[in-house]
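Listed here are the chains, written in short residue letters.
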Amino acid sequence: MQKSLVTGKIHYVGVNDRNKHRFEAMWPLPYGVSYNSYLIDDDIVALIDTVDACYFGTYLRKIKSIIGNRPIQYLIINHMEPDHSGSISLIKQQYPDIIIVGNKQTFGMIEGFYGVTGDRYQVTDGDFLALGHHTLRFYLTPMVHWPETMMTFDEADGVLFAGDGFGCFGTLDGGFLDTRINLDHYWDEMIRYYSNIVGKYGSPVQKALQKLGGLPIKTICSTHGPVWTENIPRVIDIYDKLSRYEAEEGVVIAYGSMYGNTEQMAEAIASELSAQGIKNIVMHNVTKSHPSFILKDIFKYKGLIIGSPTYSNQLFPEVEALLSKILLREVKNRFFGYFGSYCWAGAAVKRMGEFVEKSKFELVADPVEMKQAMREETYQQCEALAKAMADRLKKESV
Ligand code: FEO
């Protein structure tokens with residue numbers, strides 16, 4: 001059996017990136033990332049998505065090892081972000097007669113990014129393409145993750161080519177099928193991928209899930225991470241819950257602290273949350289934790305408490321940046337508490353009050369504001385905030 005075979009006549013021809021430090025120049029990649037592409041070696045040969053242009057040599061070698069000198073008739077573009085579209089013009093140079101398949105939005109982007117024109121098959125929702133054994137049907141799924149995004153379903157073997165959908169960070173070290181790899185670190189990386197990359201688009205993801213809901217899906221071929229077979233229910237459940245902004249019982253405490261005093265407030269809150277029976281408590285010092293990991297935990301847990309010192313009559317800059325990222329993703333349905341500190345004139349608590357209004361989070365208690373350092377009453381106020389959060393979480397779980 002060929003090592004690249006997924007199922008039927010479908011082959012994995014993706015590549016691994018262990019070089020890039022930050023995905024989209026923003027998100028750290030401790031486990032790297034894969035750019036997945038699939039080749040269908042049928043009577044008619046089709047390629048689904050491409051890879052980052054840096055890896056074109058490896059990619060072309062993989063393609064030729066399967067089809068030799070046979071031509072590729074169709075290049076199906078499910079998504080135009082350059083981590084997948086980057087090799088379109090190089091593929092076109094290798095296969096000048098290739099017909100590019102996309103929707104109305106796709107072709108403007110291909111021309112704009114790469115200046116590529118030529119033969120095309122413009123599809124709308126439900127159109128199909130017969131390759132021989134495999135028959136592909138196209139489903140437009142706009143904003144999962146860009147407006148041109150679509151998914152391609154092989155009706156012969158039940159394979160969904162999902163673009164970024166159901167994707168996750170992490171290279172594929174050896175195997176690509178979920179049944180043949182240790183999946184331990186992929187689950188949290190899936191949440192971090194979703195919350196950082198797709199997190200703003202909960203409603204479009206829900207629409208896509210509804211559109212695809214009736215399909216007999218046996219295999220999911222995403223553009224990032226493992227090919228999913230026996231874990232499909234779990235993978236769909238993760239994307240369904242995240243896109244509804246549903247979360248587990250638990251609290252994220254994210255804080256900035258310049259001299260350790262605001263951190264003492266965070267410690268007092270965490271200690272009382274634990275005493276109140278909350279087990280999932282995740283603390284992030286915003287100066288040390290990259291926001292992508294904080295966002296991952298905010299998507300994961302129902303409770304959020306943020307603390308900030310006052311800096312130049314404003315919020316601590318890293319806290320302000322985090323609040324902006326939360327608002328950008330339109331995170332919903334969180335229980336929220338906040339605390340702040342100042343030396344001579346308080347501003348942090350006031351600024352976070354503005355955030356509460358914008359976020360529409362449910363405030364569980366009045367904020368705690370501290371001047372300079374902890375006093376007995378500050379401990380009591382922090383404990384009261386923690387107790388209010390624990391009570392609200394427990395009420396929710398009844
Ligand atoms: Fe992996 Fe939105 O591209």
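Scroll up to find the structure.
Residues numbered from 1 in each chain as written. Predicted model: local features only at pLDDT ≥ 70, side-chain atom pairs only at ≥ 80, totals over all residues. Heavy atoms only, no water.

## A few points about the environment of Tyr-35
Among the secondary structure elements, Tyr-35 is positioned in strand E6 (residues 33-35). According to the relative accessible area criterion, Tyr-35 is buried, its value standing at 0%. Linking Tyr-35 and Thr-223, residues 188 residues apart in sequence, is a C-alpha distance of 5.7 Å. When sequence neighbours within four positions are dropped, the list of residues in contact with Tyr-35 reads Tyr-12, Gly-14, Val-15, Asp-17, Lys-20, Phe-23, Val-51, Asp-52, Tyr-55, Asp-83, Thr-223 and His-224. A distance of 2.6 Å separates polar atoms of two side chains, one belonging to Tyr-35 and the other to Asp-17. (Helix = DSSP H or I, 4+ residues; strand = E, 2+ residues; numbered from the N terminus. Buried < 20%, exposed > 50% of the residue type's maximum accessible area, 1.4 Å probe, protein only. Contact = heavy atoms within 4.5 Å. Polar contact = N/O pair within 3.5 Å; in protein donor to acceptor, adjacent residues only side chain to side chain.)

## Describing the sheet that holds strand E1 (residues 5-7)
In space, the seven strands of this open sheet follow the order E1-E2-E7-E8-E9-E10-E11, with mixed pairing throughout. With one partner strand each, in any of the chains shown, E1 and strand E11 (120-122) form the two edges of the open sheet. The average angle at which neighbouring strand axes cross in this sheet is 25 degrees, direction not considered. Note: strand E9 (residues 74-76) against strand E10 (residues 99-102), three bridges, orientation parallel. Bridging across to E10, Leu-75 finds its partner in Ile-100. Relative to the sheet, helix H1 (residues 56-67) contacts strand E2 (10-12), strand E7 (38-41) and strand E8 (45-48), its axis offset from that of E7 by approximately 15 degrees. (Pairing = 2+ DSSP bridges. Axes fitted to C-alpha atoms, helices over the stretch in contact; angles between N-to-C directions.)

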